[in-house]
Amino acid sequence: MQGFVEQLVEGAEVVAGDAVGGAGLRRDSAVGQGARAFPRQQSGRGVQESFASGGPSGHLRLAHGRCHGVHRTGVGAQNFSPYGEILRYGVPIGHRRQPRREAMTNTIITGGRVRTLDPSAPEAEALVLSGGRVLAVGDRDAMAEAAGPDARQVDAEGGVVMPGLIDTHPHVVHFGTLAGGLVDLTDAVDHADIVARIRAEAANTPPGKWIVCTPVGEPHYFVRRSERDLPERRLPDRWILDSATDAHPVLIQAWAPRMPNVVAFNSAGLRAVGLTSFIPDRVCDVEIDKNEAGDLTGILRGPVTNYYTYDPFWGQILTKLPKPSVENAVAGTTAELARYAAQGVTTVYEGHAMEPEHIALYRQLRATGALPLRVMVTLDAESVIFYPFDPLPHGEFAARLGQLADQISDDGDDMLRVSGLTFSPGGPCFSGYFATYEPYADPFGKPTRGVRFLSLDKEETFIRFCATNGIRANLCLGAYREHDEFLDIAERVVREHDFRDRRWILQHAMTITPKQARRYAELGFQVTTSAGFAWGKGAMYGERMGTHVWRDLEPLHRLTDIGLDLAGGSDWGPKNPWEQIELAQTHRFAGSNHRNDGPDQKLSRIEALRMWTTGAASVLGWPGIGSLAPGNHADLVIVDRDPVTCPVEDLRGTRVLRTLLGGRTVHDSGELSCPPEETQAAAS
């Protein structure tokens, strides 16, 4: 099967292999030397240099759960596999750069309220950090004595100090790779602005090479802002895009989950994918726009997203589009990591659609000291997101489980952990894949009860494999029928192989009944979900499935009442974690004033904060994060307002003044007068 990045980058193959070899890292890059630029300013160049970009191609090898690079093949640059290159030129799995030896200096933070999120001492005047950990919290005088006379002083200047946030469903590597190297149109103001940005990119791009652009608006739901909010109320057509460049194929992409969606090609782009005016106005579910003279306008509508689409016609076009280069994949992921650090996130859980290639990239970033966050990942048993999806035969699926399980590691690394396996049998309602008992309208008005991409036989094989091997399973399930089908199997298996102490994780859970929630609790489950599901999908659920679904939409209070540990994630958005914390209380729907804040949904402020701190740490089972209790990692943020007491409508405007990971600054806004002590990603 082809994984996420193998879909994006040509030249990847899966063959028998052994452990990582690799030629070691070059130490002459900015990241490798721990340059003073913050991660948000890094382009990923240091990491790119460390795997010798421009060198020979490397292919992916996967067998017995390990990857390694292979011989030089001499294929052209467009056939490079970025993850093959990482493996070819990377550091052997398990190797970590040794931190620099420095004299230990205590740090005392004063001048602001400390919100520890530690129930035994929830509030303090000051705290002391030592050796990357919280040494003590308490009143200022006691902390000054604990810190000692030579301690470094940090004045929070009236800000609030609290634990760094934990995002348990971010898709950092996916969204970073997808956006890497694209012309950013998310904040474009009109057609002239779009043309100017594309023209500037064309000036530095060889003729004939694709120029691909992001959609216009706010990813990923594009409800709050989209191309419809431009003054022209639409995307530019081929002739407008031709005024930017006629020497390059141009595409303005459409991103999932919104469907139907819209893309725009220039004339060279239409030629590159083989579209002419002889094509019918509609092929499969794709509408091909034409003017009154019958000429193509360059606008295509329908299931034209970059993933979660299986339309045969659009799928053939997808196969003709360019794939990200190694430089763009790394730069995009690095930029995405820095953006999370700038919003106060210090730990992420990559638990969905993760392939060995993604873990290879994270291991490379870890080895070069370029991770500004702690990362825990799982591996997907079989990913269904990208076109073309061709299900594995059952025997190959079972064999793959064993191969993936060999990559699970718990070696005590406090920056990168590989833990558990994930099973994702279905897809979102936007695309018409949500598994229901009653029919509802798909994006094109046709009745559907959803789609199961991975069979029930595979699901039972997965459950039994994890139960018998003591592996923590993750289930990405959000629809009524999906829940019942899984629970029926799991309740049979648990009587034979008791997995309740393994703390399995339910991901998504955007709709779930009280009975289903109780069944999960009896199986020892934890839950990670996104309050943003109600924000971005609530109106669509009501339109397509009926407003009766809203009673079971993001029932956060119901889940906690039943006794399920609960964690929060950003997923498709909003990507601002502080707005996600607000949404856990208000359950606002985007684009309207509706609030689905019934008694089963609404959380208190402290409960909402726990979803992103102590609750998330509990769900992950990662000790030492989530609170500022003595002995925990010194992962903290200084923010401009008190997230516990500020008005709920002010939460989304929270500004992060500084983010520390293991006591080291990984983001600084420049607003605090005390300069950061170190301007590099933590490498403890």
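This text goes with the structure placed above it.
Definitions and cut-offs
- Residues numbered from 1 in each chain as written.
- Predicted model: local features only at pLDDT ≥ 70, side-chain atom pairs only at ≥ 80, totals over all residues.
- Heavy atoms only, no water.
- Helix = DSSP H or I, 4+ residues; strand = E, 2+ residues; numbered from the N terminus.
- Buried < 20%, exposed > 50% of the residue type's maximum accessible area, 1.4 Å probe, protein only.
- Contact = heavy atoms within 4.5 Å.
- Axes fitted to C-alpha atoms, helices over the stretch in contact; angles between N-to-C directions.
- Parallel < 35°, antiparallel > 145°, perpendicular 65-115°, else oblique.
- Left-handed = near helix turned anticlockwise from the far one by under 90°.
- Nonpolar A, V, L, I, M, F, W, Y, C, P; charged D, E, K, R; others polar.
- Core = buried A, V, L, I, M, F, W, Y, C linked by side-chain atoms within 4.5 Å.
- Polar contact = N/O pair within 3.5 Å; in protein donor to acceptor, adjacent residues only side chain to side chain.
- Pairing = 2+ DSSP bridges.
- Salt bridge = Lys/Arg side-chain N within 4 Å of Asp/Glu carboxyl O.
- Phe/Tyr/Trp six-rings, centres within 6.5 Å; stacked < 30°, edge-to-face > 60°.

## Some points on the overall build of the protein
From N to C terminus, the protein includes 20 helices and 28 strands. Within the span of the protein, comprising 684 residues, buried residues form 62% of the whole. Taking the contacts inside the protein whose residues are at least 6 apart along the sequence as the reference set, 74% of them involve residues at least 24 apart.

## Focus: the packing of helix H12 (residues 394-405) against helix H13 (residues 456-469)
Axis separation between H12 and H13 bottoms out at 10 Å; the angle between their running directions is 30 degrees. Looking at the two axes, H12 sits roughly parallel to H13. The handedness of the crossing between H12 and H13 is right-handed. On H13, the residues that touch His394, Phe397, Ala398, Leu401, Gly402 and Ala405 of H12 are Asp457, Lys458, Thr461, Phe462 and Phe465. Tallied by class, residues from the contact of H12 with H13 come to six nonpolar, three polar and two charged.

## What to know about the environment of Gly351
As for its position among the elements, Gly351 is in the loop between strand E17 (345-350) and helix H11 (356-367). Residues Gly351 and Met376, 25 residues apart in the sequence, show an inter-C-alpha distance of 7.8 Å. Not counting residues within four places of it along the chain, the set of residues in contact with Gly351 comprises Thr378, Asp380, Thr422 and Gln507.

## Some remarks on the nonpolar core
Residues Tyr362, Phe462, Phe525 and Tyr541 are the most contacted members of the largest nonpolar core, which totals 115 residues. Top contributing element to this core by residue count: helix H14 (residues 480-496), with seven residues. With 25 residues, the next largest nonpolar core counts Ala254, Trp255, Val263 and Phe265 among its residues.

## Brief notes about unusual backbone geometry
With an omega of 0 degrees, the peptide bond running from Pro219 to His220 counts as cis. Between Tyr387 and Pro388 the backbone carries a cis peptide bond, its omega angle lying at -5 degrees. Along the chain, the position of Pro388 falls in the loop between strand E18 (374-380) and H12. The phi dihedral of Ala353 is positive, around 60 degrees, even though this residue is not glycine. Here Ala353 lies in the loop between E17 and H11.

## So, helix H18 (residues 577-586)
Within H18, 10 of the 10 residues are buried, which leaves the element mostly enclosed by the surrounding structure. Those residues of H18 lying buried are Pro577, Trp578, Glu579, Gln580, Ile581, Glu582, Leu583, Ala584, Gln585 and Thr586. Sitting at the head of H18, Asn576 places a side-chain oxygen 2.9 Å from the backbone nitrogen of Trp578. A positive phi of about 55 degrees marks His587, the residue just after H18.

## Side note on the side chain of Asp285
Mapping Asp285 onto the fold places it in the loop between strand E14 (282-283) and strand E15 (286-290). At a separation of 3.2 Å, a polar atom in the side chain of Asp285 contacts the side chain of Lys446. Leaving out residues up to four positions away in the same chain, Asp285 has contacts with Arg301, Gly302, Pro303, Asp311, Phe444 and Lys446.

## Some words on the sheet that holds strand E23 (residues 505-508)
Spatial strand order, E10-E17-E18-E19-E22-E23-E24-E25: eight strands in an open sheet with parallel pairing. Edge positions in the sheet fall to strand E10 (165-167) and strand E25 (566-568), since each of these pairs with one other strand and no more. Adjacent strand axes in the sheet meet at a mean angle of 25 degrees, parallel and antiparallel pairs treated alike. Here five bridges tie E18 to strand E19 (residues 416-423), and the two strands are oriented parallel to one another. Within E19, the residue paired with Val377 across the bridge is Val418.

## Concerning the pattern of salt bridges
Following the criterion strictly, the structure yields 42 salt bridges and no others. One salt bridge in this structure joins Glu336 and Arg339, with 3.1 Å as the shortest N-O distance. Of the two residues, Glu336 and Arg339 both sit in helix H10 (residues 326-342), three residues apart, roughly one turn of that helix. Put simply, Arg655 and Asp640 hold a salt bridge, and the shortest N to O gap is 3.0 Å. Of this pair, Arg655 sits in the loop between strand E26 (636-639) and strand E27 (656-661) while Asp640 sits in the loop between E26 and E27, and the two are 15 residues apart along the sequence. Using a relative accessible area of 24% as the deciding quantity, one classes Asp640 as partly exposed. Through salt bridges with shared partners, one network takes in Glu218, Arg224, Glu579, Glu582, Arg588 and Arg652.

## Focus: the sheet that holds strand E8 (residues 152-155)
Pairing is mixed across the open sheet formed by four strands, whose spatial order is E7-E6-E3-E8. The open sheet is flanked by strand E7 (133-138) and E8, the only strands paired with a single partner. Strand-to-strand twist across the sheet, computed as the mean angle between neighbouring axes with direction ignored, equals 20 degrees. Sheet analysis places strand E3 (residues 107-110) next to E8, joined by four bridges and oriented parallel. Within E8, the position partnered with Ile109 by the bridge is Val154. Of the strands in this sheet, E3, strand E6 (126-130) and E7 are in contact with helix H4 (residues 140-147), which crosses E6 at around 15 degrees.

## Section: the packing of aromatic side chains
Evaluation of the coordinates by the stated rule reveals 21 aromatic pairs. With a centroid separation of 6.0 Å and an interplanar angle of 15 degrees, the aromatic rings of Phe486 and Tyr520 are classed as stacked. Taken together, the residues Phe486 in helix H14 and Tyr520 in helix H15 (residues 514-522) connect sequence positions 34 residues apart. Of the residues examined, Tyr520 reaches a relative accessible area of 0% and is grouped as buried. One aromatic cluster is present, built from ring pairs that chain together Tyr221, Tyr307, Tyr308, Phe386, Phe430, Trp535 and Trp572.

## A few points about the pairing of E26
Here E26 shows no split at all, with Leu636 and Ile638 on one side and Val637 and Val639 on the other all buried. By the bridge criterion, four bridges tie strand E9 (residues 160-163) to E26 in an arrangement that is antiparallel. Bridged to Val161 within E26 is Ile638. When E26 meets E27, the two strands line up antiparallel, connected through four bridges. Following the sheet pairing, Leu636 is matched in E27 by Leu660.

## Quick word on the pairing of E18
Within E18, seven of the seven residues are buried, which leaves it mostly tucked inside the rest of the structure. With four bridges joining them, E17 and E18 adopt parallel strand pairing. The partner of Thr347 across the bridge, within E18, is Arg374.

## Brief notes about the side chain of Asp668
For Asp668, the position within the fold is in strand E28 (residues 664-668). You can call Asp668 buried: its relative accessible area is 7%. A distance of 2.7 Å separates a polar atom in the side chain of Asp668 from a polar atom in the side chain of Arg658.

By themselves, these are just geometric observations and shouldn't be taken as functional.
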